[in-house]
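Summary of structural features
So the chains spell out like this:
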Amino acid sequence: YLGMHNDVSFLITDEMNLYEQQSSFNPNMPLRMLQYIGNLYEKYVTEHKLNKYGSELLELPVPKLVVFYNGSRDTENELYLKLSSSFPEGAESDVEVRVRMINVNYGKNPELLEKCKPLGEYAWLVDRIRKIKSEQNSGNPIESIIDRAITEIPEGFVLRPFLMVHRSEVKGMLLTEYNEVETMQLFREDGRREGHQEGLKDGRKEGILDAIQTFLKNGGTEEMAKTMLNVTDKQIEEAKKLIKSENKEKQ
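So, here is what we can say about the structure in this document. The structure presented is a predicted model; accordingly, all values stated were derived computationally and were not measured.

Leu 125, Ile 129, Ile 146, Ile 150, Ile 153 and Leu 163 are the most contacted members of the largest nonpolar core, which totals 26 residues. Every element with two or more residues in this core is listed here: helix H3 (117-135), helix H4 (142-151), helix H6 (167-196), helix H7 (200-217), helix H8 (222-229) and helix H9 (233-250). No other element matches H4, which puts five residues into this core. Ignoring anything within four residues of it in the chain, the contact list for Leu 163 reads Leu 125, Ile 150, Ile 153 and Val 170. Listed in part, the 18 residues of the second largest apolar core include Met 33, Tyr 36, Leu 83 and Val 97.

Structure representation (structure tokens):
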């Protein structure tokens, strides 16, 4: 989710579908989708050897842009995000991008969740994790909360066998979702910290190590840290040493 890649894109006849899943509300999805669709059109033109500089009108697939949202912010069952919302009020634009955002939280869009069993069951799982987290007042690590929710999945769910077999991968994926907001906040704080420090190089190093420490303390694994924070094994080892040093001081 931190890289410039859309989650799923596929062609069906003359439609180019881009599907994105979001666990945090992002009003900038029209801009991101515009970048995605531009890259896909360039790939499409190249693969089909089309001449975009010629006098003949090209036939292109129709873009369908959809975001499946399951964050904690309450939104309508369905709404449209528009690129024009980012422009100054009253401005006239020659470009518009419209993204359909569908709320797939448990209890929202019941007809859709009923028709697509795996999606409905996934919505149940996310809802159960949130309820356990709320009941325990965040007293337990999120990893143990996720583990309990997976164990409580009803026997009749079609997702249950898959989730049981791939429990560790599922936990990692859900941890990634639950750490997304915190991770993005760390990046923002890191940027502000660096901007106020005279020694930019030293500040950047300190900020990265702070981010890794916070990430590991909140249940993230070393592999997830490398992928999500784009850090090296050496930086992770440095951060772990700082954590050990802090623990010794507390003792």
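Each regular strand shows side chains that alternate between the opposite faces of the sheet. The pairing of strand E3 (residues 62-69) with strand E5 (residues 98-103) spans four bridges and is parallel. The partner of Phe 68 across the bridge, within E5, is Ile 102. Note that strand E4 (residues 78-82) and E5 share five bridges and pair antiparallel. Across the sheet, Glu 78 pairs through a bridge with Ile 102, a residue of E5.

Our focus in this paragraph is a nonpolar patch on the surface. A cluster of nonpolar side chains, contributed by Leu 31, Leu 34 and Val 95, occupies part of the molecular surface with about 230 Å² of accessible area. The partly exposed category is assigned to Leu 34, whose relative accessible area is 33%.

About the cut-offs
Residues numbered from 1 in each chain as written. Predicted model: local features only at pLDDT ≥ 70, side-chain atom pairs only at ≥ 80, totals over all residues. Heavy atoms only, no water. Core = buried A, V, L, I, M, F, W, Y, C linked by side-chain atoms within 4.5 Å. Buried < 20%, exposed > 50% of the residue type's maximum accessible area, 1.4 Å probe, protein only. Helix = DSSP H or I, 4+ residues; strand = E, 2+ residues; numbered from the N terminus. Contact = heavy atoms within 4.5 Å. Pairing = 2+ DSSP bridges. Patch = residues over 30% accessible without salt bridge, like charges linked within 9 Å, V, L, I, M, F, W, Y side chains within 5 Å. Areas by Shrake-Rupley, 256 points an atom, 1.4 Å probe, with all protein chains shown as cover. Salt bridge = Lys/Arg side-chain N within 4 Å of Asp/Glu carboxyl O.

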